[in-house]
Structures are given as structure tokens and as C-alpha cells.
Amino acid sequence: LTELGNPGWNAKELTPYLEAVENFNVPSKAEQLLGATFDASSHGKGGPINVSFSTPLRIPSLVARYKTAFSKVFSGIPVLKDLSSRTGAVVANTVWDIKFNAKTGVNQRSSAAQGFLYNQNNIKAGKLTVLTNTRVAKVITDAKNKATGMEIRSEKGGKGIELRGTKEIILAAGSLQTPAILERSGFGPSDVLKKLGITQKLELSGVGKNLVDQPGTLLGASLATQFVNQSGFVDAGLIFAPIISLTSIDQLFGSSAAKTLKKELIASIPKKAQAAVKAGALPNVAGATALYNALSKLITTEKQPIAEFIGESALPNSLQQIFWPSMPFSRGTCHAVSTDPFDDPAITPRFLTDEFDQKVVVQIMKQALKVYQSSAMSTLIDSFFVEGLGVPLNQFNNDTALLDYVQGSAFGASHWLGSSAMLPKEMGGVVGPDLKPYGTNRLRIVDASILPLEITSHTMPMVYATSLKAADIILGKQ
């Protein structure tokens, strides 16, 4: 983020916030013997969000098999004790934002609401008011674009109610809703606002563009009879993703093929930038080029993961790998469709429209099959199937067919980012490193929409860190 014109937004600056939010709970000795490995130095202690392994430990026998298979298929990939210890590609167990309640026998989720909003000190002091069944129509600003409040509504077509703010107005509606609020407020691309009959207050061409998520799909296998309903191999899967493999371009394609692909990727950046702008997914070629060059550097030079594989199972007899490209180039849009906040925005993801992304997902499918065909996994398996279709994988025997399947079945991983990007204004950015939309005052955006490109972790920890850093910025500590 720093290299894209955002000083102070880098791993060194954000790591203390990642640790501050966390309260890591060490697994029991019994869980450690079953494979609950960890590195305590990679976690925070005493924060508001509990982080733990599940109790009982999820499918430990299968996790061990997946771990072996991933390390064999992805040559040279590090197998670490802790996913949070990584600096790049990795195979490792995962922990969750949960804590086991011994009284109820339930793994209780530790959420942002519980950790921050519903804090008893806030409630007792009367600092928190939650309005249900309410949506923000727009931010109210004065002639100099200083935010003074917001208009809310409680039903479609309902009368607007104005709320006034004495300090700052903070938008935290997320990547799919924040752009629409900005547009209804008069901040956004002129062509979008003109269609809606909204008077433009500021030309922010990047609002609602650069929308990105990680398009996932699945490959399944049926367990052999002797393993059906065995808790070491299969369970109800109530807590997602007990083991993850994050693979680099060299590990996914092999070093020889990756060498050629890297050259092709670097050479294709100008064409990619022009295509994204022509499609309306990015605001200008200069910004698109800078963004894609940054992505390319992460992939080719810094060898960051380009694919995520999650090892899973489900009762009574199903194995599943869920996977997606972790740093896609494909970009989409998200725009308001009317002045009524109860009309959901038009979301156009444009998943897998980029040629590099297409090559990645085809290779992901091939490698996922190899994981199940490996010696560590093959003895568990009765048959393969493409999840949701019941089609034998051997019918998908060419790249075109594999791509058709993935494009037809891909789903968003709910890691939406980028639609109010933190980039320089001349690159089509919406906010600067102070989180203020350009040209405004007393207004900030604090959610995943400010992050201009996908990260290789799931988005929640980064959003927590962003929020804590934003608090320090707003309070003048930075």
C-alpha cells in the first residue's frame, strides 16, 4: 500500500494493530498431540477478539493427510506450525475467532460486535445507539463539502430523517454499500450521477470501481466406506477451513512454466490496464497500470501466494477442496441504481475476465485433482466429483472445459475490496492515507472498500487492523 502512494500503510505499521486486536488461547496438551501446532510469538494476547483452535479439534487425521498432500504437490512450499508465521507461501493449520465455552459445550464466535460495539463500558455510558431496519440515504454536506450529518430512512420510499454530527462522519458500510452512499451524496463518477439525476458535488471517478473478490469453486471426493463418519476424517464442518495452503506462482505451475508465465504477465500489463478502463472497471490507464504493476511485483518478484487451497470435509462421506486465485487482476463495479437506499446497488463482479486469472484457475483445478490423487489422500477416496454437478472429473479433460466449469460455478469468497480505493487522486483514488475522500472534510471511510488490492489472508484481520489504525488517525495519534 505504501508503494501505491499511501505512506504509513505497510506491514511494519499494521502488525501492532493485528496483534492488539487478538487474544490467542493456547490449545490444550491433548489438542497439541493431535496436531494443533502454533507459534505464540505470531499472535497477540489480551485483545478483545478471542482466537482459538476448535474444541474438539477438527478432523485431525484428515488435516495431517492434507498437509502431507499439499507439501508433495506444491514442491518446496514451507510447512509451518502457524499460518500467522508466514511471510509468503505456506501450508499450515488454522485458528478461528472463537473460544470454547465449557459450560455450554459450544465454540462461541468472538465477533466485532461482541469485542467492540457491545462493550459494557460503552453501553453503561450511553455511547452506543444501534438503529435497526435503517439505511443511510446519503451524507449531508455544506457548500464546502464538509460533512455535517446524514440522511437515514427506515423503509423503501420512506421519508428521510436527518442526523447531525458534531465531529466526524465515518462511513463503514463495506465494499458493496459505501460506494452507493457516496454516489447518492453527490460524490462519484459524473456519468453514474447523471443517470440517477443526482447533482454532482465532487468528481471522484474511482467510486464504485476497482471492485475485487476472490472467485472460488470446489472439487469433491467421496470417502471410502471404512472412513465414513469417522470423526478424525469427517464432521459437520460448522467451523470453516481447518487447513490452508497458500501457493506461489512457482509452486502452482512449476518453476519452468512459471518463468515463462511471469514474463508474459509483466508484458501484458499495459493491455490489461487499457482493457479494464475500457470496461469501466478502473478509472484511468495510469492508475490501472500502477495497480497492476504492484500486483505483478507481488507475484513475480516477492513470490506472494496466487492461489489458496482449503482442505475440508462434510458428513457423512464428502471431502472437499475449496480454492480461489488469491490475487486476481479481474476488476468489477458496484454503483447505486437510485436515490433510495433500499434499492440495492448494481454489482458487476466481472470474475475471471482477465486472461492471467483464467490460467491460474485452470491450473488450480488440475493441482487440486493431484492433491486427491496423491499417496496421502488416494487411499481415503472412493470416487471424485465436481462439486454441485455430480460430473466425473475425467470428463473435464482440457483447459477449455475446466475454465468453462470454473466460470460457470465460481462464487465470491466474500472478500470484497477496493471500491473506494486508497490511492492518489490522479490514479483514480477515492481516499488518501488519512481515509478522507478527496475534497471533503469531516468525512472518512473505514472499511474494506479502501484497500485497493486483494491480500493473501482472509480480509477480517486486515479490516480489524485498518479500523484500529483509523481510530488512531482520527484521534490524532498519527
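Residues numbered from 1 in each chain as written. Predicted model: local features only at pLDDT ≥ 70, side-chain atom pairs only at ≥ 80, totals over all residues. Heavy atoms only, no water.

Caption draft 1: Geometry of the overall build of the chain. Helix and strand counts for the chain come out as 14 helices and 20 strands. Scaling as 2.2 N^0.38, a compact globule of 478 residues should have a C-alpha radius of gyration of about 23 Å, and the chain matches this with 23 Å. In terms of its C-alpha atoms, the chain occupies a principal-axis envelope of roughly 70 × 55 × 40 Å. When each of the 478 residues of the chain is scored for burial, the buried share is 53%. A fraction of 70% describes how many contacts in the chain between residues 6 or more apart in sequence connect residues 24 or more apart. Accessible surface for the chain amounts to roughly 21,100 Å². Of this, 54% is attributable to carbon and sulfur atoms. With 47 positive and 38 negative side-chain charges, the chain shows a separation of 4 Å between the mean positions of the two kinds. (Helix = DSSP H or I, 4+ residues; strand = E, 2+ residues; numbered from the N terminus. Rg over C-alpha atoms; globule rule 2.2 N^0.38 Å. Buried < 20%, exposed > 50% of the residue type's maximum accessible area, 1.4 Å probe, protein only. Contact = heavy atoms within 4.5 Å. Areas by Shrake-Rupley, 256 points an atom, 1.4 Å probe, with all protein chains shown as cover. Lys, Arg positive; Asp, Glu negative; His and termini not counted. Charge placed at Lys NZ, Arg CZ, Asp CG, Glu CD.)

Caption draft 2: Layout of the packing of aromatic side chains. In this structure the tally under the stated criterion is 12 aromatic pairs. Between Tyr-292 and Phe-329, the aromatic rings sit 5.3 Å apart at their centres with planes inclined by 55°, giving tilted as the arrangement. With Tyr-292 in helix H10 (residues 285-300) and Phe-329 in the loop between strand E15 (318-325) and strand E16 (333-335), this pair connects stretches of sequence that are 37 residues apart. Taken individually, Tyr-292 and Phe-329 each receive the classification buried, so the pair is uniform in this respect. Among the aromatic side chains, those forming a connected cluster through ring pairs are Tyr-66, Phe-70, Phe-74, Phe-309, Phe-323 and Tyr-372. Sitting over the ring of Phe-329, Lys-272 keeps its end group 5.0 Å from the ring centre. Its end group placed over the ring of Trp-9, Lys-469 keeps NZ or CZ at 5.1 Å from the ring centre. (Phe/Tyr/Trp six-rings, centres within 6.5 Å; stacked < 30°, edge-to-face > 60°. Lys NZ or Arg CZ within 6 Å of the ring centre and 35° of its normal.)

Caption draft 3: Local environment of the pattern of salt bridges. Scanning the model with the defined rule gives 14 salt bridges in all. A salt bridge links Arg-109 to Asp-97; its shortest N-O distance comes to 3.6 Å. Residue Arg-109 is found in strand E5 (residues 106-109), and its partner Asp-97 is found in the loop between strand E3 (90-93) and strand E4 (98-101); the two are separated by 12 residues along the sequence. Judged by its relative accessible area of 55%, Arg-109 is exposed. Its relative accessible area of 14% is what places Asp-97 among the buried residues. The salt bridge partner of Glu-151 is Arg-153, with a shortest N-O separation of 3.1 Å. The same class applies to Glu-151 and to Arg-153, which are both buried. Three or more residues joined by partner-sharing salt bridges are found here, namely Arg-58, Asp-235 and Glu-312. (Salt bridge = Lys/Arg side-chain N within 4 Å of Asp/Glu carboxyl O.)

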